Each structure stands twice: as structure tokens, then as C-alpha cells.
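Single-letter residue listing:
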Amino acid sequence: MKQNNTYTKLAIFIVIIGILLRFYLASTYHISGDACWQISNSRFIAENNELPLFEHYGRDEPFWPPPVFHILSATIYKISPNPESNVKLLSPLLGSLTLIIFFLLANKLFNAKTAFYSTLFLTFIPLHLDYSVFSYIDSTVTFFTLLSVYLALNNRIYLASIAAGLSVLSKYNGIFILPVLFIIIYKKKNFIKNF
């Protein structure tokens, strides 16, 4: 039991370092590239209260991505006193919450030692750092996907369904979490009711 507590404390320490690292890196970069297009669309949504369907806002193609990230960013534009700086903090916030949910999920499925090493890996893997710092939609889909699995494992089927729906509305490949949720629901009691 003492070893589990040690690994849990180490994991909490790693998650705190990961959170600080994500927010620090996000505060030092300037929005550009694909992130600029995502944020420009979010600003359009905030200013006009509609999706930029055929406005060709920033590109010569219609607005095609699922809109959850853009709506969350647009909300920051509407409520924040300094939206240009604060909109960059959405991805680090979701990436940081992903680290927490990931640790809780790994701890539930395995043990504290495995959860610690898994969290250590996820915290410092460059791909997750990249998507947790830049204003991409990938941090949103990752967060809602992990949240849906965690909620399903804790018998919160309705909330897991909402999180899975938000995952799909964040990025199209969020739909691939549905078979996992079906398996989790199938293994629970009252399959028909939960399904």
C-alpha cells in the first residue's frame, strides 16, 4: 500500500510539472499556421454568433471541421477581458485535464505504478505536448474521448455518452471511441437499459 501511495504522489508531481510546462509553452508562442485558421474561425463565431459556413474565412474552402473547439474558443472571446492572449490557454487547459483523467483512468484499470509510468510517458511525449500547447482541435477530442471512457467505467453511462458525442463533435475520428464504449456497456449489468 505504501508503494502505491508513493507512485500516486510521484504521478501527481509529474502531472503538476506537465501542467506548468503546457501553460508556460502556450504563453510563449504566437498563433500561426493551422492554429491561426482555427482561431480566426473562432473569432468569427464570437463576433457573428454563427458558423462561417461559406464565408471562406481564411481559406478557399468552406468551414468543414466539427465545431466544439471553435465554440469553446468563441466563448473565451466573448467572456474574456483579454481574449487574444487567453484563447491560447484552451488547448493547455484541455491537455492538462487530459493528464489528470488519464492518470485516474490508468489507476482504475491497472495500479498506481502502471498509472505513474503511463502518465509520465504521456506528460512528456512530444506529440501530446505539441497538441496541448498549440491551438489545435486535437486536445479537445483527446480530452472528451478519455473522459467518456472514464465515465463509462464508473457507471456514468449518460455522461459518458455526452462526452463521446462531444468527442465526435470535436473531430471526426472521435467516433472510433464508440466501439470501446459499447464493450464497456456490454460488460456492465443492465446492458439493454444502459445501451
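Scroll up for the structure.
Residues numbered from 1 in each chain as written. Predicted model: local features only at pLDDT ≥ 70, side-chain atom pairs only at ≥ 80, totals over all residues. Heavy atoms only, no water.

## Let's talk about the overall build of the protein
Okay, step 1: When helices and strands are counted, the protein shows eleven helices and zero strands.
Okay, step 2: Its helices and strands in sequence order give the protein the pattern α-α-α-α-α-α-α-α-α-α-α, from N to C terminus.
Okay, step 3: Counting only C-alpha atoms, the protein reaches 55 × 45 × 25 Å along its principal axes.
Okay, step 4: When the 195 residues of the protein are sorted by exposure, 43% land in the buried category.
Okay, step 5: Element-wise, carbon and sulfur atoms account for 67% of the exposed surface of the protein, whose accessible area totals about 10900 Å². (Helix = DSSP H or I, 4+ residues; strand = E, 2+ residues; numbered from the N terminus. Buried < 20%, exposed > 50% of the residue type's maximum accessible area, 1.4 Å probe, protein only. Areas by Shrake-Rupley, 256 points an atom, 1.4 Å probe, with all protein chains shown as cover.)

## Quick word on the packing of aromatic side chains
Okay, step 1: For the structure on display, the rule yields eight aromatic pairs.
Okay, step 2: Pairing Tyr 7 with Phe 116 gives two aromatic rings, centres 5.7 Å apart and planes at 40°, and the pair type is tilted. Of this pair, Tyr 7 sits in helix 1 (residues 2-28) while Phe 116 sits in helix 6 (residues 112-124), and the two are 109 residues apart along the sequence. For the pair Tyr 7 and Phe 116, one class covers both residues: buried.
Okay, step 3: Here a set of aromatic residues connected by ring pairs shows up, and it is made of Tyr 29, Tyr 131, Phe 134 and Tyr 136.
Okay, step 4: Taking the ring centre of Tyr 29 as reference, the NZ or CZ of Lys 88 above it sits at 5.4 Å. (Phe/Tyr/Trp six-rings, centres within 6.5 Å; stacked < 30°, edge-to-face > 60°. Lys NZ or Arg CZ within 6 Å of the ring centre and 35° of its normal.)

## Details of helix 7 (residues 126-133)
Okay, step 1: Within helix 7, the full set of buried residues consists of His 128, Leu 129, Ser 132 and Val 133. Projected down its long axis, helix 7 carries its buried residues within an arc of 125°, all on one side. For helix 7, the exposed residues set more than 90 degrees away from the buried face come down to Pro 126 and Leu 127. (Arc of directions from axis to C-beta.)

## Comments concerning a nonpolar patch on the surface
Okay, step 1: Together, Leu 51, Leu 53, Phe 54 and Ile 71 line one region of the surface with nonpolar side chains, adding up to about 390 Å² of accessible area.
Okay, step 2: Considering the arrangement of structural elements, one finds Phe 54 in the loop between helix 2 (34-48) and helix 3 (68-79). (Patch = residues over 30% accessible without salt bridge, like charges linked within 9 Å, V, L, I, M, F, W, Y side chains within 5 Å. Salt bridge = Lys/Arg side-chain N within 4 Å of Asp/Glu carboxyl O.)

## Points about the nonpolar core
Okay, step 1: Phe 143, Leu 147, Val 149, Leu 181 and Ile 184 are the most contacted members of the largest nonpolar core, which totals 28 residues.
Okay, step 2: Elements supplying a minimum of two residues to this core: helix 2, helix 3, helix 5 (90-109), helix 8 (138-153), helix 9 (157-168) and helix 10 (178-187).
Okay, step 3: A total of eight residues in this core trace back to one element, the largest contributor, which is helix 8.
Okay, step 4: When residues no more than four places from it in sequence are discounted, the contact partners of Phe 143 are Leu 94, Leu 97, Thr 98 and Ile 101. (Core = buried A, V, L, I, M, F, W, Y, C linked by side-chain atoms within 4.5 Å. Contact = heavy atoms within 4.5 Å.)

## Quick word on the side chain of Ser 80
Okay, step 1: Summarising the element assignment, Ser 80 is placed in the loop between helix 3 and helix 4 (83-86).
Okay, step 2: Within polar-contact distance, the side chain of Ser 80 engages the backbone nitrogen of Asn 82 at 3.2 Å.
Okay, step 3: A polar contact is formed between the side chain of Ser 80 and the side chain of Asn 86, at a distance of 2.5 Å. (Polar contact = N/O pair within 3.5 Å; in protein donor to acceptor, adjacent residues only side chain to side chain.)

## Details of the environment of Ala 74
Okay, step 1: Examined against the element boundaries, Ala 74 turns out to sit in helix 3.
Okay, step 2: Separated by 13 residues in the primary sequence, Ala 74 and Val 87 have C-alpha atoms spaced 8.4 Å apart.
Okay, step 3: Non-local contacts of Ala 74, meaning those with residues more than four positions away in its chain, are made with Ser 42, Ile 45 and Ala 46.

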